[in-house]
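# Per-entry structural report
One-letter residues, chain by chain:
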Amino acid sequence: MGDATIRCGIGGWTFKPWRGTFYPKGVRQADELSYAASKLTSIEINGTYYRTQTPGSFAKWGDAAPDGFQFAIKASRYCTNRKYLPDAKESMEKFFAQEIHDLGDRMGPILWQFMPTKKFDAQELADYIQLFPRQINGKPVRHAVEARHESFHDDRFFDLLKANDIALVNSDSDKYPKFSEQTAGFAYLRLLCAQEDIATGYPAKEIAKWSEQFSQWQDSGRDVYVYFINGAKVRAPAAAMALIEQLGD
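Our subject in this report is the structure included herewith.

Procedures and definitions
Per-chain numbering applies: the sequence of each chain, read as written, is numbered from 1 onward. The model is predicted, so local features are restricted to residues of pLDDT at least 70 and side-chain atom pairs to those at 80 or more, both for listing and for counting; the totals for chains, interfaces and linings are taken over all residues. Based on all heavy atoms of the structure, the side-chain values leave hydrogens and waters out of the count. Labels follow the DSSP assignment, with helices taken as runs of H or I lasting at least four residues and strands as runs of E lasting at least two, numbered in each case from the N terminus. Three labels apply to residues, based on accessible area from a 1.4 Å probe with only protein chains included: buried if under 20% of the type maximum, exposed if over 50%, partly exposed otherwise in between. Residue contacts follow a heavy-atom distance rule, with two residues in contact if any of their heavy atoms lie within 4.5 Å. In short, Shrake-Rupley with a 1.4 Å probe defines the accessible areas, and a residue's cover is counted only from the protein chains shown. Counted as positive: Lys and Arg. Counted as negative: Asp and Glu, with His and the chain ends omitted from the count. Throughout, a charge is located at the NZ atom of Lys, the CZ atom of Arg, the CG atom of Asp or the CD atom of Glu. Any carboxyl oxygen of Asp or Glu within 4 Å of a side-chain nitrogen of Lys or Arg constitutes a salt bridge here. Note on pairing: DSSP must find at least two bridges between two strands before they are called paired. Looking down the strands as they point away from you, a crossover is right-handed if its path from the first strand over the helix to the second goes clockwise. Expected helix span is computed as 1.5 Å times (number of residues minus one). We call Phe, Tyr and Trp rings a pair once their centres come within 6.5 Å, taking the six-membered ring for Trp, and we label the pair stacked below 30 degrees between planes, edge-to-face above 60, and tilted otherwise. Working rule: Lys NZ or Arg CZ, within 6 Å of ring centre, within 35 degrees of ring normal, means a charge sits over the ring.

## Concerning the overall build of the chain
- The helix and strand inventory of the chain stands at 9 helices and 11 strands.
- Dimensions of the chain, computed from the C-alpha atoms along their principal axes, are close to 50 × 40 × 35 Å.
- By the burial criterion, 52% of the 249 residues in the chain qualify as buried.
- Considering only residue pairs separated by 6 or more positions, the chain has 73% of its internal contacts joining residues 24 or more positions apart.
- By element, 47% of the accessible surface of the chain is carried by carbon and sulfur atoms, the whole surface being about 11,800 Å².
- Charge separation in the chain, taken as the distance between the mean sites of 31 positive and 32 negative side-chain charges, equals 6 Å.

This is the structure we're talking about:
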């Protein structure tokens, strides 16, 4: 397997229905992140999409997570929700002026999620990607792009991501197009179809199938980041823990 790692988790850690289902009674809200990080191996930080974080936040989050844990960081909507993407240069500089580097070795990929209405334009995207930093405070940083319009089913898009070692997010979604192409030295998956009437969100058969696929990628040297998000969100932690257990088996 080499040094490749599979990390499984959820989007965010503050969700009221998780209290009493995922978080045991008595766990303080202030301790929810450390509890979640003890049960999972990654979390996608979604709050960074909506607002600039207060000083000290990233350091506090990093301190709450154990060794080996990593956070994915969702880029600000001011960087991604643009009619013409390269116009986001100043917003991108503001986003990366935050103390993201304070996550240290808990820092995982940056997620760039496009609007469902955003269509593929090869030159526009090439210019946009050139704005992505390759390092943050001297530490290499990975990037993953989530396209949510059918026009991105284009070999020029896949080739552009491959040339820049940027992962194409593979989503399990009923609302958005599905991509299976692997374009980087790591894989990034967002699974959005959990069902509330299944204790683990997804049937055991599907979790076993993913476990086998992810293990194959790991064996080939590819890191994997997988997040159970939306759908029946209340089931997301159980789904992630079921996959972690399956991978352990």
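## Some thoughts on the pattern of salt bridges
- A full pass over the atoms with the stated rule returns 11 salt bridges.
- Taking the shortest distance from any N to any O, the salt bridge between aspartate 31 and arginine 28 comes out at 2.9 Å.
- On the accessibility criterion, aspartate 31 (29% relative accessible area) is partly exposed.
- Classification of arginine 28 by relative accessible area gives exposed; the value is 53%.
- A salt bridge links aspartate 223 to arginine 142; the shortest N-O distance between them is 3.0 Å. One end of the pair, aspartate 223, is in strand β11 (residues 223–228); the other, arginine 142, is in the loop between β6 (139–140) and β7 (143–146), and 81 residues separate them in sequence.
- A residue is classified by how much of its surface remains accessible, and aspartate 223, at 12% relative accessible area, is buried.
- By relative accessible area, arginine 142 is classed as partly exposed at 30%.
- In this structure, a network of salt bridges that share partners links the residues Glu44, Glu146 and Arg190.

## Let's talk about unusual backbone geometry
- Not every positive phi belongs to a glycine, and asparagine 137 is a case in point at roughly 55°.
- Positionally, asparagine 137 belongs in the loop between β5 (135–136) and β6.
- What makes asparagine 137 exposed here is its relative accessible area of 65%.

## Topic: the pairing of strand β10 (residues 186–191)
- Across the 6 residues that make up β10, a large majority, 6, are buried.
- Residues Phe186, Tyr188 and Arg190 point to one face of β10 and Ala187, Leu189 and Leu191 to the other, with burial holding for every one of them.
- As defined by bridge partners, β10 adjoins β11 across 6 bridges and the pair is classed as parallel. For alanine 187, the partnering residue across the bridge sits in β11 and is valine 224.
- This β-α-β element, β10 to helix α8 (residues 204–219) to β11, shows right-handed connectivity.

## Description of helix α9 (residues 236–248)
- Between its first and last C-alpha atoms α9 spans 18 Å; for 13 residues at 1.5 Å apiece the expected length is 18 Å, and the two agree.
- Burial in α9 covers these residues: Ala236, Pro237, Ala239, Ala240, Ala242 and Leu243.
- Close packing links the buried residues of α9 with β1 (6–11), α8 and β11.

## Topic: the sheet that holds strand β4 (residues 107–113)
- The strand order across the open sheet formed by 9 strands is β8-β7-β4-β3-β2-β1-β11-β10-β9, and the pairing between neighbours is parallel. Two strands bound the open sheet, and with one partner strand each, they are β8 (167–168) and β9 (170–172).
- For β1 and strand β2 (residues 42–45), the ladder comprises 3 bridges, and the chain directions are parallel. Across the sheet, residue glycine 11 finds its bridge partner in β2, namely glutamate 44.

## Re the environment of isoleucine 136
- Within the secondary structure layout, isoleucine 136 lies in strand β5.
- For isoleucine 136, the residues in contact, after removing those within four places along its chain, are Phe96, Ile100, His101, Met107 and Val141.

## Section: the packing of aromatic side chains
- Summed over the entire model, instances satisfying the criterion amount to 29 aromatic pairs.
- Taken together, Phe95, Phe96, Trp112, Phe114, Phe120, Tyr128, Phe132, Phe152, Phe157, Phe158 and Phe179 form an aromatic cluster joined through their ring pairs.
- We note lysine 74 situated over the ring of tyrosine 49; from NZ or CZ to the ring centre the distance is 4.4 Å.
- Note that arginine 148 overlies the ring of tyrosine 176, its terminal NZ or CZ placed 4.7 Å from the centroid.

In short, the description is geometric, and any link to function would need to be established separately.
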